[in-house]
Amino acid sequence: MYRKLYIIGLLLMVQIASAQRYEIGVFLGGSNPISDVGSTYYVLPNQPAFGGLFKWNLHPRLAARLQINKTTLFGDDSKSDIPAKVNRQYSFKSDALEFSAGAEFNFFSFRIRNLLDKPFTPYMYMGVAAFWHDDLYFEPLSPAPVEATDTTKRTFSYAVPVIFGVKKKITMRLILAGEVGFRYTFTNNLDGSQPNGRPFSFGNKGTNDWYTFTGLTLTYTFGEEPCYCRK
């Protein structure tokens, strides 16, 4: 009995997998942190960011998405519009590597095969992310300007990404998209303001840090076309 169910389940998985179209591509853009150090603007890329992504189109309006991104998060008080932060003269750099998985929802039905039928659509992505970043702290007695000290350790944390974008068919195989993505993190020490095990901390202890990725994705579609694309 269990053997029959296993075979039936395996056949169903093969059938589903063979009836989809996939996308693989690259992300190029920029990043910026939203933290206690640096500018207060939510979207103001100041460092390059790049990555790769894979999509599994389950429906004209829904896709599963996996992505990996790499950047350096950089914040500088001199770029802030708050005079107290400008006078403080703190700054930080943190190398960040992110893996994320989630679902991408198209606001319009987006059939890849037909180039002229709804050639573009807004979309939204939500998921979960895990990322590594540098472990930072500040020496309060150092003469200004002060850059955060890197302990050379890497810190692991989680984030909730929410991405808004618009995608457009370029050819029968290529799709170009522009997007901005916000990451709410489960850490308050992206910038070194709340280090563990150190006496000096500053900033708002009640809110965690954020960071954003803004840029373009270019994906190539492949695989057997799903039934909904043949209509």
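Here is a short report on the structure shown in this document.

Calculation rules
Residues numbered from 1 in each chain as written. Predicted model: local features only at pLDDT ≥ 70, side-chain atom pairs only at ≥ 80, totals over all residues. Heavy atoms only, no water. Helix = DSSP H or I, 4+ residues; strand = E, 2+ residues; numbered from the N terminus. Buried < 20%, exposed > 50% of the residue type's maximum accessible area, 1.4 Å probe, protein only. Contact = heavy atoms within 4.5 Å. Areas by Shrake-Rupley, 256 points an atom, 1.4 Å probe, with all protein chains shown as cover. Core = buried A, V, L, I, M, F, W, Y, C linked by side-chain atoms within 4.5 Å. Polar contact = N/O pair within 3.5 Å; in protein donor to acceptor, adjacent residues only side chain to side chain. Pairing = 2+ DSSP bridges. Phe/Tyr/Trp six-rings, centres within 6.5 Å; stacked < 30°, edge-to-face > 60°. Lys NZ or Arg CZ within 6 Å of the ring centre and 35° of its normal.

## Here we look at the overall build of the protein
- Of regular secondary structure, the protein possesses two helices and nine strands.
- Across the protein, helices and strands are ordered from the amino to the carboxyl terminus as α-β-β-β-α-β-β-β-β-β-β.
- The buried share of the protein, taken over its 231 residues, is 42%.
- By sequence separation, contacts in the protein at least 24 residues apart represent 70% of the contacts at least 6 residues apart.
- By element, 66% of the accessible surface of the protein is carried by carbon and sulfur atoms, the whole surface being about 12400 Å².

## A short note on the nonpolar core
- Among the nonpolar cores identified, the biggest contains 19 residues, and V37, L73, Y90, F92, F138 and Y211 are the most heavily contacted of them.
- With sequence-adjacent residues up to four places away left out, Y211 is seen in contact with N32, P33, I34, L73, E98, F131, A159, G181, F182, R183, T185 and L190.

## Comments concerning the side chain of N188
- Position of N188 among the secondary structure elements: in the loop between β8 (174–185) and β9 (210–222).
- According to the relative accessible area criterion, N188 is buried, its value standing at 11%.
- Of the polar contacts made by the side chain of N188, one reaches the backbone oxygen of T207; its length is 3.3 Å.
- The residues touching N188, leaving out its near neighbours within four places in the chain, are D36, S193, Q194, N204, K205, T207, N208 and D209.

## What to know about the pairing of strand β4 (residues 90–106)
- Summarising the sheet, strand β3 (residues 62–76) and β4 pair through 15 bridges and their orientation is antiparallel. Pairing of A64 across the sheet is with A103, part of β4.
- The pairing of β4 with strand β6 (residues 146–147) spans two bridges and is parallel. Note that in β6 the partner of Y90 across the bridge is V146.
- Here β4 pairs with strand β5 (residues 120–137) via 10 bridges, running antiparallel.

## As for the side chain of R183
- Counting through the fold element by element, R183 comes out in strand β8.
- By relative accessible area, R183 is classed as buried at 2%.
- Within the local environment of R183, its side chain forms a polar contact with the side chain of E98, the two groups lying 2.9 Å apart.
- Among residues more than four places away in sequence, those in contact with R183 are N69, E98, A159, V160, P161, I163, D209, W210, Y211 and F213.

## Considerations on the packing of aromatic side chains
- Inspection of every chain in the model, using the stated rule, returns 16 aromatic pairs.
- On the numbers, 5.3 Å between centres and 65° between planes, the contact of F131 with Y211 is edge-to-face. Of this pair, F131 sits in strand β5 while Y211 sits in strand β9; the two residues are 80 residues apart in sequence, bridging distant segments of the chain. Considered together, F131 and Y211 belong to a single accessibility category, that of buried residues.
- A centroid spacing of 5.7 Å and a plane angle of 35° characterise the contact between F200 and F202, whose relative ring orientation is tilted.
- F200 sits in the partly exposed class, given a relative accessible area of 25%.
- A network of ring pairs unites the aromatic residues Y22, F54, W56 and F222 as a single cluster.
- Here the guanidinium or amino end of R65 rests over the ring plane of Y125, the centre of that ring lying 5.0 Å away.

## As for the pairing of strand β1 (residues 21–34)
- The buried fraction of β1 amounts to 10 of the 14 residues, a majority that puts the element mostly inside the structure.
- Note that β1 and strand β2 (residues 47–59) share 11 bridges and pair antiparallel. Across the sheet, residue I24 finds its bridge partner in β2, namely F54.
- The pairing of β1 with β9 spans 13 bridges and is antiparallel. Within β9, the residue paired with I34 across the bridge is W210.

In short, shape yes, function no, at least from these values alone.
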